[in-house]
Amino acid sequence: MSKREEILGRVPAIPPLPTSATQMLGLVGNPDTQINDVQRVVEYDPGLVSNLLRLANSAYFGTGGAINSVREAVVRLGIKRVFQIAMTSAVAPLAQQEIRGYDLPRNGLLRHSAATALAVEYLPKRLGMRVPDATYTAGLLHDLGKIVLGTYLEVDSAPITLMAYRENLSFELAEQRVLGTDHAEVGAALLEFWKLPEAVVLAVRWHHAPNSYPNEDRTVVDLVHIGEHIARICGTSSSTDGMNYSVCVESLERMKVSPDVIEQVAGDVLGSLEEICAIFN
Amino acid sequence: MQLTVGISEMRVSKSAEDTLITYSLGSCIGVALYDPDAGVGGLVHCMLPLSRLDPDKAKQNPHMFTDTGVPALIQAVLDKGGTRKRLVAKVAGAASPLNDNGMFKIGERNYTVLRKVLWKNEILIAAEDVGGTIARTLLLNIASGKTSIRTGGKEREL
């Protein structure tokens, strides 16, 4: 068995998503879902209720005016937004943990994940585009593969980092050389196992190689690719991989992004990031 | 006491017990400014080069931008008893991603703007660790003025 097969074979041993997040996944994909259905799922999970109400009243997710109940949150924010908040609430405890193998301190991955989720929504807004449905969730979950590798499989990233800097290789290419796979492929395998929508799984799978994305419309993967680079500008890169990733120039061209827009989005993200992260601390 | 300087933040101290620290300097620029005679120093962590990008944000938080954040740091150190001609500046950060085609040259631009601001204020850079693709942590010890860089678990004096 190759090292890659061995690593991907371990993915099903990772703990499942909380029940509320799994049920929300079913509801968000079903056109017949009623507000009552969502309310029932959320109210069954006290942790989610508390996070939902706090996020629903944050400057970023809020709609102006206080939201005092789960029902009000679902009505005012919509089912898709409540699903995104449920996913944020579900992965926050995982992303908050210190990831030893990848030298990520406590809250390090949460900050990077939240910054990317914010960047992938601010970017299309600055470009005058509609934000595609899968974007937030893909941005939020794009680096979960690092938890699988660094925590559950206890991969030590030191030789990977050494190879990346010594050979001037993008970090995920060094992962591929050492492990036979990379955090994008492993993360996508986990999300597929958790039954996340295909649009999210594929964007996570190809976020370092948007040109290899198998479908014609590359909007979501391009947004996640550029959004992650913007999240690094916002000081969320780790001491392991730093800014040692390649930029896909075609993604920038497809999205018609200018340096000014990149800087504006970085400013937008920083303005919202502390508030979102503080909710989970 | 170890005082953390967040991104787009600044801190100045005259207390010999303090060490100022800023984490995750990627393309951002970190400046440590210190007056050895007065025992006063400060640290700023600026994210973007020029405040003209968003004058409202710059007004709310001048430390977000290098062209407003660094002058604010100089002024704050002077206000706490520093003297301009004694100020020692040490700099870290200004990294860039690989093959970015110029789109993400924020690090280099931060560094260029910083040099202009310091030159205008007649302050020389005494030491620096800039560029490349790594993320850096910058520390300034107020008692000794010792400035250090931490990368990949290793620490060395700057």
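The model shown is predicted, which means the values in this text are computed figures rather than measured ones.

Colleague: Which residues make up the overall build of chain B, and what values do they have?
Modeller: Counting secondary structure elements, chain B contains three helices and 10 strands. Ordered by position from N to C terminus, the α and β elements of chain B give β-β-β-β-β-α-α-β-α-β-β-β-β. The C-alpha atoms of chain B give 14 Å as radius of gyration, which agrees with the globular expectation for 158 residues (15 Å, within 12%). Counting only C-alpha atoms, chain B reaches 45 × 35 × 25 Å along its principal axes. The long-range fraction of contacts in chain B, counting pairs at least 24 apart against all pairs at least 6 apart in sequence, stands at 65%.

Colleague: Give a description of the environment of Thr236 of chain A that names residues and reports values.
Modeller: Among the secondary structure elements, Thr236 of chain A is positioned in helix H14 (residues 219-236). Of the residues examined, Thr236 of chain A has 25 C-beta atoms within 10 Å and is grouped as buried. Considering only alpha carbons, one finds Thr236 of chain A and Thr219 of chain A, 17 residues apart in sequence, at a separation of 23 Å. Setting aside its immediate chain neighbours within four residues, Thr236 of chain A contacts Arg111, His112, Ala115 and Ala231 of chain A together with Ser24 of chain B.

Colleague: Any chance you could break down helix H3 (residues 35-43) of chain A for me, citing the residues and the numbers?
Modeller: All names here are of chain A. Those residues of H3 not exposed but buried are Val38, Val41 and Val42. Buried residues of H3, viewed axially, fall in a sector of 95°; they line one side. Where H3 is buried, its residues contact helix H2 (19-28), helix H4 (46-56), helix H5 (70-77) and helix H6 (79-96).

Colleague: Can you break down unusual backbone geometry residue by residue, with the values?
Modeller: A positive phi is found at Asn107 of chain A, a non-glycine position, where the angle reads about 75°. Along the chain, Asn107 of chain A falls in the loop between H6 and helix H7 (108-126).

Colleague: Describe the interface of chain B and chain A, listing the residues and the values that go with them.
Modeller: Residue-level contacts link 28 residues of chain B with 28 residues of chain A. Looking at side-chain class alone, the side of chain B that touches chain A contains 14 nonpolar, 11 polar and three charged residues.

Colleague: Report on the pairing of strand E6 (residues 88-93) of chain B, specifying residues and quantitative values.
Modeller: All names here are of chain B. For E6, a buried count of five out of six residues is recorded, marking the element as mostly surrounded by other parts of the structure. The pairing of strand E4 (residues 29-35) with E6 spans six bridges and is antiparallel. Directly across from Ile29, in E6, lies its bridge partner Gly93. The sheet contact formed by E6 and strand E7 (residues 125-130) spans five bridges and is parallel. Bridging from a neighbouring strand, Gly93 pairs with Val130 of E7. One crossover worth recording links E6 to the parallel E7 by way of helix H3 (residues 106-120), and it is right-handed.

Colleague: Any details on helix H12 (residues 183-193) of chain A? Residues and values, ideally.
Modeller: Residue and element names in this part refer to chain A. Across the 11 residues that make up H12, a large majority, nine, are buried. Of all the positions in H12, only His183, Ala184, Glu185, Val186, Gly187, Ala188, Ala189, Leu190 and Leu191 are classed as buried. Of the surrounding secondary structure, the elements contacted by the buried residues of H12 are helix H1 (3-9), helix H8 (135-141), helix H9 (145-152), helix H11 (171-179) and helix H13 (198-205). Phi for Lys195, located one or two positions after H12, is positive at around 70°.

Colleague: Outline the domain arrangement of chain A, listing residues and values.
Modeller: Residues and elements named next belong to chain A. According to the domain assignment, chain A consists of domain 1 (15-89) and domain 2 (97-281). Taking the mean C-alpha position of each, domain 1 and domain 2 sit 24 Å from one another. With 13 residues of domain 1 at the contact, the number on the domain 2 side is 12 residues. Where the side of domain 1 that touches domain 2 is concerned, the elements lending two or more residues are H4 and H6. With four residues, H6 is the single largest residue contributor to the side of domain 1 that touches domain 2. Residue composition of the side of domain 1 that touches domain 2, grouped by class: six nonpolar, five polar and two charged.

Colleague: Talk me through the packing of H5 of chain A against H6 of chain A; I want residue IDs and the actual numbers.
Modeller: Residue and element names in this part refer to chain A. Interaxial distance between H5 and H6 falls to 6 Å at its minimum, and their mutual angle equals 120°. Compared by their axis directions, H5 and H6 come out oblique. Across the interface between the two elements, Ala73, Val74 and Leu77 from H5 touch Ile79, Arg81 and Val82 from H6. Residues that form the contact of H5 with H6 fall into these classes: five nonpolar, no polar and one charged.

Colleague: Explain the sheet that holds E6 of chain B to me, using residue names and the numbers behind them.
Modeller: Residue and element names in this part refer to chain B. An order of E2-E5-E4-E6-E7 is seen for the five strands of this open sheet, with the pairing classed as mixed. Of all strands in the sheet, those bounded by a partner on one side alone are strand E2 (10-13) and E7. Within the sheet, the average angular offset between the axes of one strand and its neighbour, ignoring direction, is 10°. In this structure, E2 lies alongside strand E5 (residues 40-46), joined through four bridges in antiparallel fashion. Bridge pairing links Ser13 to Gly41 in E5.

The rules behind these values
- Residues numbered from 1 in each chain as written.
- Chains lettered and ligands numbered in written order.
- Predicted model: local features only at pLDDT ≥ 70, side-chain atom pairs only at ≥ 80, totals over all residues.
- Helix = DSSP H or I, 4+ residues; strand = E, 2+ residues; numbered from the N terminus.
- Rg over C-alpha atoms; globule rule 2.2 N^0.38 Å.
- Contact = placed C-beta atoms within 7 Å.
- Buried ≥ 20, exposed ≤ 12 C-beta atoms within 10 Å, placed from the backbone.
- Arc of directions from axis to C-beta.
- Nonpolar A, V, L, I, M, F, W, Y, C, P; charged D, E, K, R; others polar.
- Pairing = 2+ DSSP bridges.
- Right-handed = clockwise from strand over helix to strand, strands pointing away.
- Domains from an automatic or database assignment.
- Axes fitted to C-alpha atoms, helices over the stretch in contact; angles between N-to-C directions.
- Parallel < 35°, antiparallel > 145°, perpendicular 65-115°, else oblique.

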